Amino acid sequence: MKRTARTRLGLKFITTTGAIALAVGLAGCASGSTAPAGDGGSGEAADDLTVGVAMPTETSERWINDGQAVKSQLEEAGYGVDLQYANDDIPTQQQQIEQMVTKGADILIIASIDGTALASQLEAAAAKGIPVIAYDRLINGTENVDFYVTFDNYEVGVQQATSLLQALGYMDAEGKDTGLKDKKIIELFAGSPDDNNTAFFFNGAMDTLKPFLEDGRLTVGSGQTSMDQVATLRWDGATAQKRMEDLLTSTYGGGSKPLHGVLAPYDGISRGIITALQNAGYGENIEAGLPIVSGQDAEIASVKLINDGVQFATIFKDTRKLATEAVKAAEAYAEGGDPEANDTETYDNGVKVVPSYPLESDIVVADNIQSLLIDSEYWTAEEVAAGVAE
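Residues numbered from 1 in each chain as written. Predicted model: local features only at pLDDT ≥ 70, side-chain atom pairs only at ≥ 80, totals over all residues. Heavy atoms only, no water.

### Here we look at the overall build of the chain
The line we're drawing: Under the DSSP-based scheme used, a helix requires at least four consecutive residues in state H or I and a strand at least two consecutive residues in state E, with every element numbered from the N terminus. Each residue's exposure class comes from its accessible area (1.4 Å probe, protein chains only) as a fraction of the maximum for that residue type: buried when under 20%, exposed when over 50%, partly exposed otherwise. Accessibility throughout is a Shrake-Rupley quantity obtained with a 1.4 Å probe, and a residue counts as covered only by protein chains that appear here.
Each helix and strand counted, the chain has 14 helices and 12 strands in total. Across the 390 residues that make up the chain, the buried fraction comes to 52%. A total of about 15,900 Å² of accessible surface is found on the chain, and carbon and sulfur atoms cover 49% of it.

### Some thoughts on the pattern of salt bridges
Stated precisely, the cut-off is as follows: Salt bridge, as applied in this entry: a Lys or Arg side-chain nitrogen positioned within 4 Å of an Asp or Glu carboxyl oxygen.
Here the structure, examined in full by the defined rule, presents 16 salt bridges. Note that Lys317 and Asp136 form a salt bridge whose closest N and O atoms lie 3.7 Å from each other. Taken together, the residues span a long stretch of sequence, with Lys317 in the loop between strand 10 (314-316) and helix 12 (319-334) and Asp136 in the loop between strand 4 (132-135) and strand 5 (147-151) at a distance of 181 residues. Residue Lys317 is classed as buried on the basis of its relative accessible area of 2%. Among the ionic pairs, Asp177 bridges to Arg217, the shortest N-O distance being 2.7 Å. Highlighted residues: Asp177 in the loop between helix 6 (153-168) and strand 6 (184-188) and Arg217 in the loop between helix 7 (196-214) and strand 7 (218-220), separated in sequence by 40 residues. For Asp177, a relative accessible area of 43% corresponds to the partly exposed category. Judged by relative accessible area, Arg217 falls into the buried class, the value being 8%. Residues participating in the shared-partner salt-bridge network are Arg62, Asp66, Asp136, Asp297 and Lys317.

### Considerations on the sheet that holds strand 3 (residues 107-110)
Our working rule: Between any two strands, pairing holds if DSSP finds at least two bridges. Only the contacting stretch of a helix is used when fitting its axis, a line to C-alpha atoms as for every element, and angles between N-to-C directions run 0 to 180 degrees.
On the basis of which strands lie adjacent, the open sheet formed by 6 strands has the order 2-1-3-4-5-11 and parallel pairing. Each end of this open sheet is capped by a strand with a single partner; those strands are strand 2 (80-85) and strand 11 (356-359). Neighbouring strand axes in the sheet, compared pairwise and without regard to direction, differ in orientation by 15° on average. Pairing between strand 3 and strand 4: 3 bridges, direction parallel. What sits directly across from Ile110, in strand 4, is Ala134.

### A look at the pairing of strand 2
For the record, the criterion: With strands facing away from the observer, any crossover in which the path from the first strand over the helix to the second runs clockwise is taken as right-handed.
Judged from the 6 bridges that link them, strand 1 (residues 50-55) and strand 2 form a sheet pairing that is parallel. Bridge pairing in strand 2 places Ala54 opposite Gln84. Chirality of the crossover, the property in question, places the unit of strand 1, helix 3 (residues 61-76) and strand 2 among those that are right-handed.

### Concerning the packing of aromatic side chains
Keep this limit in mind: Here a Phe, Tyr or Trp ring, Trp counted by its six-membered ring, pairs with any other such ring whose centre lies within 6.5 Å, and the pair is stacked when the planes are under 30 degrees apart, edge-to-face when over 60, and tilted otherwise.
Scanning all chains against the criterion turns up 7 aromatic pairs. Summarising the aromatic geometry, the rings of Tyr170 and Phe212 are spaced 5.7 Å apart at their centres and angled 50° between planes, so their arrangement reads as tilted. One end of the pair, Tyr170, is in the loop between helix 6 and strand 6; the other, Phe212, is in helix 7, and 42 residues separate them in sequence. Residues Tyr170 and Phe212 agree in their burial class; the two are buried.

### Digging into the sheet that holds strand 8 (residues 261-263)
Taking strand neighbours across the sheet as the criterion, the 4 strands line up as 7-6-8-9 in an open arrangement whose pairing is parallel. The open sheet has two free edges, formed respectively by strand 7 and strand 9 (292-293), since each of these has just one partner strand. Here 2 bridges tie strand 8 to strand 9, and the two strands are oriented parallel to one another. Following the sheet pairing, Gly261 is matched in strand 9 by Ile292.

### Things to note about the side chain of Gln159
In plain terms, the rule: Only heavy atoms matter for contacts: two residues are in contact if any of them lie within 4.5 Å across the pair.
One can find Gln159 in helix 6. Looking at Gln159, the relative accessible area reads 10%, which means it is buried. Residues contacting Gln159, with those up to four places away along its chain left out, are Ile315, Ser361, Asp362 and Ile363.

### Concerning the side chain of Ser192
By secondary structure assignment, the location of Ser192 is in the loop between strand 6 and helix 7. Once you skip the residues sitting within four places of it in the chain, Ser192 turns out to touch Thr198, Thr232, Leu233, Arg234 and Trp235.

### Focus on helix 10 (residues 267-279)
Basically, it comes down to this: Residue count minus one, scaled by 1.5 Å, sets the expected span of a helix.
Helix length check: helix 10 (13 residues) gives 18 Å between terminal C-alpha atoms against 18 Å at 1.5 Å per residue, within 8%. Buried residues of helix 10: Asp267, Gly268, Ile269, Ser270, Gly272, Ile273, Ile274, Ala276 and Leu277, and no others. In the core, the buried residues of helix 10 are packed alongside helix 9 (237-251), strand 8, strand 9, helix 11 (300-307) and strand 10. A positive phi of about 95° marks Gly281, the residue just after helix 10.

### Focus: a negative patch on the surface
Short version of the rule: Patches here are clusters of residues that have more than 30% relative accessible area and form no salt bridge, with a 9 Å joining cutoff for like charges and a 5 Å cutoff for nonpolar side chains (Val, Leu, Ile, Met, Phe, Trp, Tyr). For the purpose of charge, His is not counted, nor are the chain termini; Lys and Arg are scored as positive and Asp and Glu as negative. To locate a charge, take NZ of a lysine, CZ of an arginine, CG of an aspartate or CD of a glutamate.
The grouping of Asp152, Glu155, Glu360 and Asp362 at the surface amounts to a negative patch. Structurally, Asp362 is set in strand 12 (residues 362-364). What makes Asp362 partly exposed here is its relative accessible area of 34%.

### So, the nonpolar core
The cut-off we apply is this: Nonpolar cores are built from buried Ala, Val, Leu, Ile, Met, Phe, Trp, Tyr and Cys residues. Side-chain atoms within 4.5 Å join them into one set.
In this structure, Val53, Met55, Val70, Leu74, Ile109, Ile133 and Tyr135 are the most contacted members of the largest nonpolar core, which totals 31 residues. If one sorts the elements of this core by residue count, helix 12 sits on top with 8 residues. Residues contacting Val70, with those up to four places away along its chain left out, are Val53, Met55, Ile109, Tyr135, Ala323 and Val327. Ala240, Leu247, Tyr252 and Ile315 belong to the second largest nonpolar core, which has 23 residues in total.

Shape is all these values report; function is a separate question.
So this is what it looks like as structure tokens:
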């Protein structure tokens, strides 16, 4: 019979803390007990457990914040934490996870670099009874991923395209077609092709843009509309800047032809695009003629650009809430239970549909920086003004 995450974790504890005592605990679990650890239940006390947290890179402000949020919340709950960053290098992340398994991590939380590259590492984790929580990026091609915490990534793509359409005048504040007949030109960028989220973002955006492309009000000037053509490996801003520069040379006369907007899926990519556009003479800000550029992750440098009228929008995914859901999932496994899923249909990793907990995100524009980011204490007013995190 296939072992679930709950039974695998229970079996791990049998092998590491004594078969007789924990066999009794597991019997209690089988009879329906859900008492918390240290209170007669089947789970381990938090201070006896280590959670391995694998994050992709420290080159992105977003992932630094995620790693620290997960670590601090786990430690506050009493868990030991092994947090590792892999510098966007797949073999490094594979090795880090292997070491976590070898060193005896009890639970793994993984934000993968390449969602298809961890099957053997997770097989080793499963053999030792270690539950695996995929963090924001779905891990594909393996049955050994037990839970997925994320945002509604298709909706994030919808929001990115919606912000672009609103700024161009085609949608109103409620997301309804304004009936504007003007014809405008845009370009498309997507995220890294090895990140499972990229397709969700791109499909959500393209489904939203589709009616405007089909009726001719919008045109992609370069004709590059497939994800293969517009993907940006490793979400790299310099790569995006180079592609934007190439597009300006090949399609826009080096900056002499009109370009009205750019769909950008991440703030680091957005800033690379904006640099290329500014260097080509499109204007220092939107008021001076700079094309509308979208974004994602509410990175502080881009929030300042939005506040200054340079970048139009970003998508705010509150990583504190995502970290909280990851910690809740870890606690559920530690206590001998299963995490609460609010989606058991959407996230198919090619082997199984992974129980998931997607969260909602928000469109940030200049007018709501205060209410969404400053009032929630995600950033301070001083950080927004400086464009630097304190």
